[in-house]
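Geometric and topological summary
Chain residues, written in single-letter form:
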Amino acid sequence: MKKGRPWKIGAAALMLATLLPSGMGNAAAALTEVPYAMDSSNQAGWWTPLETYGTGLEYAYMAYNAPGSAESTHKVYIARRDGNGEWSNIPVMNGSSVAEYSDDLGHNQPSIARDGSGRFHVFASMHHEAWHYFRSDTVGGAPQNHSADMPTPSTFKGTYPVLTTAPNGDVYLLIRSGEDAAGYRSGQLFRWDNAASTWSKVAVIGSSLNKSFYPDDLVFDANGDLHILFEWSAFAASPLRHELSYVKYSPSTGSFYKADGSTVSLPLTPGTADIIQPLATTEAYVQTGSDPGGPGVQSAKLAVDSSGNPVVAYRYREEGSTTFSVKYASFGVDGWNLQTVYNASETKAAIDITWAGSVPRVYYAKSSGTDRAFMAAPTGGGWSQTSIAPGKPIERLSVERNDNGIDILYLVDVTNRKLYYGRN
């Protein structure tokens, strides 16, 4: 199949799973294999590669790494599923060619948002690099390189771009920047003004000497407030992070708040941030290129409940453990309440969360076993675990609850180089 044009394929021939029973009385998700080749580099824990739009004839947009011209490279595409289940493949264009970059697991993956005018915004393959920013010039059109539109000095270098769309159609971007000469890497928030079609920098969210900021997630609530989730590591980088943190931003007032409603000043530091997961007694910041062992955070995602309060799913390795537990945090009158969702075996750096009516749904992936991708929900003081992709070795995932109240799934089978669309 050729690249660079929207080939369309009917969904009926591609349905791979119907509703299947599980031991918990729930059902596996309905999965469809995305009909385009996926590159093995299409795997990350921090990214936001999934976007949905509309009610009724809803659309889903799945940004992904496709095979490049060599095994060590990839090209960037958006798999588009329309409301009739028809697929088209939209290239992300760098001039007259499809954007192509070197593979870099955990860093060079795409994040996407769709603004209120229907234009795609894609940030791709940024590992301490200058902007790789692409935007549609027409509604639903192939994104073109618009890196020069970003309001930063030419020396800017960024990593881990995560995106979300505001209720008014603006797009917000959280990214880590690299001020290495100053001894830190900060977290910066940017806004796409959809009416004016311009980007601006909102604020430096977090910055601390000898620390690096790790973006996790951005989520708007019904009031138009932006909930922000992030982690810290020793400068310049480490695969093990610490002191999972939260802040809420009110665009209408320009103020930032902790979960208890108290205002905070920016930039935040580990000492001033709203800490969800405090340091354990033996937990320490260690600058290293490989996992140093010991307690720490790795991967986290955010949702808001029906009252607009934050709920968080994350992976945390407890003191004395060699595996990462799946954890859940909610905020109440006594502060952050932490629960263990799953800790029976090792998990991958893949996690997400949605709010389904009156309860959270936590999604995660095990490191081994016949069934890898699971959804957990609270039941009678514990958590039920439901396999959502039986028999498929899912290693990475992303989930978004659409406007119809259905969880749309982005599931990655790295072993077989397949991408799945799901509904749960």
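It is worth spelling out the nonpolar core at this point. Counting residues in hydrophobic clusters, the biggest one holds 45 residues, and the most contacted among them are Met62, Leu189, Ile205, Ile228 and Phe230. Non-local contacts of phenylalanine 230, meaning those with residues more than four positions away in its chain, are made with Ile205, Phe213, Tyr214, Pro215, Asp216, Glu243, Leu244, Ser245, Tyr246, Val247, Leu268 and Ala273.

On to the environment of glycine 357. Relative to the helices and strands, glycine 357 resides in the loop between strand E27 (347-356) and strand E28 (359-366). Judged by its relative accessible area of 58%, glycine 357 falls in the exposed class. Separated by 315 residues in sequence, glycine 357 and asparagine 42 have C-alpha atoms that sit 31 Å apart. If near-sequence neighbours (up to four positions away) are discounted, glycine 357 is found in contact with Ser306 and Arg401.

Position of arginine 185 among the secondary structure elements: in the loop between strand E15 (171-177) and strand E16 (187-193). Only 3.5 Å separates the side chain of arginine 185 from the backbone oxygen of alanine 236, close enough to count as a polar contact.

A few words on the pairing of strand E10 (residues 120-123). Neither face of E10 is open: one carries Phe120 and Val122, the other His121 and Phe123, and all of them are buried. By the bridge criterion, three bridges tie E10 to strand E12 (residues 133-136) in an arrangement that is antiparallel. Of the residues in E12, the one forming a bridge with histidine 121 is arginine 135.

If you walk through the whole model with that rule in mind, you get 26 aromatic pairs. Taken together, a centroid distance of 6.4 Å and an interplanar angle of 15° make the contact between tyrosine 59 and tyrosine 61 stacked. Judged by centre distance (6.4 Å) and plane angle (85°), the rings of phenylalanine 156 and phenylalanine 190 are edge-to-face. Of this pair, phenylalanine 156 sits in the loop between strand E13 (143-145) and strand E14 (158-165) while phenylalanine 190 sits in strand E16, and the two are 34 residues apart along the sequence. Its relative accessible area of 8% is what places phenylalanine 156 among the buried residues. On the basis of relative accessible area, phenylalanine 190 is assigned to the buried category, the value being 0%.

Following the criterion strictly, the structure yields 15 salt bridges and no others. Between arginine 361 and aspartate 407 there is a salt bridge, with the nearest N and O atoms lying 3.1 Å from each other. Of this pair, arginine 361 sits in strand E28 while aspartate 407 sits in strand E32 (residues 407-413), placing them 46 residues apart in sequence. According to the relative accessible area criterion, aspartate 407 is buried, its value standing at 0%. A single network of salt bridges, built from pairs that share partners, joins Asp170, Arg191 and Asp193.

Strand order in the open sheet made by the four strands is E9-E10-E12-E13, with antiparallel pairing throughout. A single partner strand is all that each edge strand has here, and the edge strands are strand E9 (111-114) and E13. Averaged over all pairs of adjacent strands, the angle between their axes in this sheet comes to 25°, without regard to strand direction.

Right, let's get into the sheet that holds strand E26 (residues 335-342). With respect to topology, four strands assemble into an open sheet ordered E23-E24-E25-E26, the strand pairing being antiparallel. In this open sheet, the two edge strands, each paired with only one partner strand, are strand E23 (296-304) and E26. Averaged over all adjacent pairs, the angle separating strand axes in this sheet is 25°, with direction ignored.

Take the environment of arginine 241 next. Relative to the helices and strands, arginine 241 is located in the loop between strand E19 (226-234) and strand E20 (242-250). The exposure class assigned to arginine 241 is buried, which follows from its relative accessible area of 13%. A C-alpha to C-alpha distance of 32 Å links arginine 241 and glycine 68, two positions 173 residues apart in sequence. In contact with arginine 241, other than residues within four places in its own chain, are Tyr214, Glu231, Trp232, Ser233, Glu283, Gly296, Val297, Gln298 and Ser299. A polar contact of 3.1 Å, which involves the side chain of arginine 241, links it to the side chain of glutamate 231.

Rules used in this analysis
Residues numbered from 1 in each chain as written. Predicted model: local features only at pLDDT ≥ 70, side-chain atom pairs only at ≥ 80, totals over all residues. Heavy atoms only, no water. Core = buried A, V, L, I, M, F, W, Y, C linked by side-chain atoms within 4.5 Å. Buried < 20%, exposed > 50% of the residue type's maximum accessible area, 1.4 Å probe, protein only. Contact = heavy atoms within 4.5 Å. Helix = DSSP H or I, 4+ residues; strand = E, 2+ residues; numbered from the N terminus. Polar contact = N/O pair within 3.5 Å; in protein donor to acceptor, adjacent residues only side chain to side chain. Pairing = 2+ DSSP bridges. Phe/Tyr/Trp six-rings, centres within 6.5 Å; stacked < 30°, edge-to-face > 60°. Salt bridge = Lys/Arg side-chain N within 4 Å of Asp/Glu carboxyl O. Axes fitted to C-alpha atoms, helices over the stretch in contact; angles between N-to-C directions.

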